[in-house]
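The lines below spell out each chain.
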Amino acid sequence: MALDSSTIIIDDKDIETLTAFRRDLHAHPELGFEEVRTAGIVAKALQDAGIAVHRGLGKTGVVGTLKEGSSRRAIALRADMDALAMPELADRPYRSTVANTMHACGHDGHTTLLLGAARYLARTRNFDGTVHFIFQPAEEGRGGAKAMVEDGFFDLFKVDAVYGLHNMPGLATNEMAVVAGPQLASADSWEVVFNGVGTHGAKPHLGRDALTVAGHFLTALHTIVARVVDPLQPAVVSACAVEGGDFRALNVIPDEVRIGGTARAYSAETRDLLEQEIGRLAHGVAAAFGVAARYEFLRRIPPVVNDKAATQNAYRAACRIVGSANVRTDFPPSTAGDDFAFFAAHVPGCYVWLGNGPAVDGALHHNSRYDFNDAAIPTGVRFWVALVEQELSATA
Ligand SMILES: [Zn+2]
Ligand SMILES: [Zn+2]
C-alpha cells in the first residue's frame, strides 16, 4: 500500500479481515480475567505484525509496543476485551457460543479497532516515537485496569498520555463525541452498621434502638446532595439495602442494623466529599442517639475526567477522520463508570465516543440484543491511526 501522509486508507481487504475477527470474538466471549482465548489471539496477531508483546499484566492483559524513529515521546491507547455474564437473545450468524456470556458492550469491537490500528501502524510506520496498545481485561466491574496498573504498567512503560474509546449507539458510525471534562461517573459503594443494645420490644428503655437510628440516618442521608454538595456539581447518594431484625421475632429490637448503598460523582472533590459526609452523618446520628457506628466507603472506580490538552489532541484527530461537523463536543456525560480512569489517573487522558449507528430494536449497552456495528470499524481504526500519526508526528 502506498504511504500517503495525509490519508489513512483502510481498504476492503482490511475491513473484511477485521470484520471476521470481530465476529469471531463476538461468538467466543469471555468474562473478566478469563480472556484467555481473546488475549491469545490478540497477542499472536500483534506478534505476526512485528509488534513486541508483553503478556500477563493484570492476569490476561496484553500490551503491544511499537517503536519507530528516535523520539522519546510515547502514548498509550486502550481497548477492553471482556464480555458480560448474560445471555445473547438476538439471532445472528455469529451469536455467542458460550452460555450466559455475551459481548453486550461492544468490547469485541474495541479490541478489533485497536488491533486494526496496530497492524496498520506496524505496516506504514508513519510516526516517530512509541505507541503502547493496551488490551485490558475485566473492564466490567472486575478491576482489570487497576490490576494492570498494580502489576506495574507505568513502571514497565513510559507513557506521556493515554486514550480510550467506547462505542455509542445513537451517534452515526461516521460521528464521534470528544468532550473535555467529566465523561463517566465514579462508582463507589458504602456501608454503615449501627450497633445498639438489643432488647425486648416491650422494653425499649433498657436498650439502645439501632433501628430508630437507622431511620434518622436514612432521612438525613439525602441532605448531603441537597444541602452540602454544590448544586452545580452532579452527585448521587442512594441507600440500596437495609438489614436488621427478624419478621419472626417482632418483639425483639435487634442489636445491629446494616445499611448499604452507592455514591456517584463526576469530580474527585465531590467524590471525596460524599465519602466524608456519609461517614460524618453515620457517626453523628449514632452519637446523637448513643449507639456505635461502623462506616466503610469502598472506592471502586474513579470518575473519568478528560484532560483539556489530551481532549484537544483527540478532537483534532477526530476532525481529520470524520470532519469537524461530525465531531460532537457537547455530548452529555454518562452515569456509568469505566475503569479507564485508573490509567488516566497517572498521565493526561482522554476518553472518546465512537458512533455505533442507531440503536437497533432499541438495544443499548448491556442489552441482550446489543451488538457492535461493523460499519464503525473504518472510522475507529482510522481515528486511532490519525491520533498516533499526529501525537507522534514524524515531521515535527
Ligand atoms: Zn459495559
Ligand atoms: Zn463497555
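Predicted model, so just to flag it, every value in this text is computed and none were measured. (Residues numbered from 1 in each chain as written. Chains lettered and ligands numbered in written order. Predicted model: local features only at pLDDT ≥ 70, side-chain atom pairs only at ≥ 80, totals over all residues. Heavy atoms only, no water.)

Chemist: I keep staring at the confidence of the model for the chain and nothing clicks. Help me out?
Modeler: Keep in mind that low pLDDT regions are not for reading the predicted coordinates in detail. Overall, the predicted model of the chain reaches an average pLDDT of 96, with 98% of residues at or above 70. Within the model, the stretch residues 1–5 combines pLDDT values under 50 with ten contacts to residues more than four positions away or in other chains. (pLDDT = per-residue confidence, 0-100. Contact = heavy atoms within 4.5 Å.)

Chemist: Where do I start with helix 8 (residues 268–289) in this structure?
Modeler: Each α-helix winds once per 3.6 residues, and so residues spaced three or four apart point in a common direction. Given a rise of 1.5 Å per residue, 22 residues ought to cover 32 Å, and the 32 Å separating the end C-alpha atoms of helix 8 matches this to within 8%. Of the residues one or two after helix 8, Gly290 is the one with positive phi, at around 75°. (Helix = DSSP H or I, 4+ residues; strand = E, 2+ residues; numbered from the N terminus. Expected span 1.5 Å × (residues − 1).)

Chemist: Would you take a moment to explain the sheet that holds strand 8 (residues 187–195) for this structure?
Modeler: Adjacent strands of a sheet pair through backbone hydrogen bonds, lying either parallel or antiparallel. What the four strands build is an open sheet, ordered 10-12-8-13; its pairing is antiparallel. Of all the strands in the sheet, the pair left with one neighbour each is strand 10 (235–243) and strand 13 (292–301). Mean inter-strand twist for the sheet, computed between neighbouring axes without regard to direction, equals 20°. Bridge count for strand 10 against strand 12 (residues 256–265) is eight bridges, and the pairing is antiparallel. Among the inter-strand pairings, Ser238 is bridged to a residue of strand 12, identified as Thr262. With respect to the sheet, helix 8 is in contact with strand 8, strand 10, strand 12 and strand 13, its orientation differing from that of strand 13 by roughly 165°. (Pairing = 2+ DSSP bridges. Axes fitted to C-alpha atoms, helices over the stretch in contact; angles between N-to-C directions.)

Chemist: Where do I start with the pairing of strand 12 in this structure?
Modeler: On a regular strand, one side chain projects to one face of the sheet and the next to the other, so that they alternate. Buried residues dominate strand 12, accounting for seven of its ten residues. Summarising the sheet, strand 8 and strand 12 pair through eight bridges and their orientation is antiparallel. Opposite Ser189, over in strand 12, you have Thr262 as the bridge partner. (Buried < 20%, exposed > 50% of the residue type's maximum accessible area, 1.4 Å probe, protein only.)

Chemist: Is there a simple way to think about the packing of aromatic side chains in this case?
Modeler: Each aromatic ring pair is specified by the distance between its two centres and by the angle formed by the two planes. Under the definition given, this model contains ten aromatic pairs. Each ring, one from Trp190 and one from Phe217, has its centre 6.1 Å from the other, and the planes form 75°; the classification is edge-to-face. Placement of the pair is Trp190 in strand 8 and Phe217 in helix 6 (residues 210–221), with a sequence separation of 27 residues. For Trp190, a relative accessible area of 3% gives the class buried. Its relative accessible area of 0% is what places Phe217 among the buried residues. With a centroid separation of 5.2 Å and an interplanar angle of 80°, the aromatic rings of Tyr351 and Trp353 are classed as edge-to-face. According to the relative accessible area criterion, Tyr351 is buried, its value standing at 1%. Take Trp353: its relative accessible area is 3%, and that puts it in the buried class. Each residue in the set Phe153, Phe154, Phe157 and Phe343 is aromatic and connected to the rest through ring pairs, giving one cluster. Note that Lys59 overlies the ring of Phe33, its terminal NZ or CZ placed 4.9 Å from the centroid. (Phe/Tyr/Trp six-rings, centres within 6.5 Å; stacked < 30°, edge-to-face > 60°. Lys NZ or Arg CZ within 6 Å of the ring centre and 35° of its normal.)

Chemist: For this particular structure, what's the right way to read the sheet that holds strand 3 (residues 74–80)?
Modeler: Taken in spatial order, the eight strands of this open sheet run 1-2-4-3-5-16-6-15, and their pairing is mixed. A strand with exactly one partner marks an edge of an open sheet, and here the two such strands are strand 1 (52–57) and strand 15 (327–328). Relative to strand 4 (residues 129–136), strand 3 is paired through seven bridges, and the arrangement is parallel. When the sheet's bridge partners are listed, Ala79 is paired in strand 4 with Phe135.

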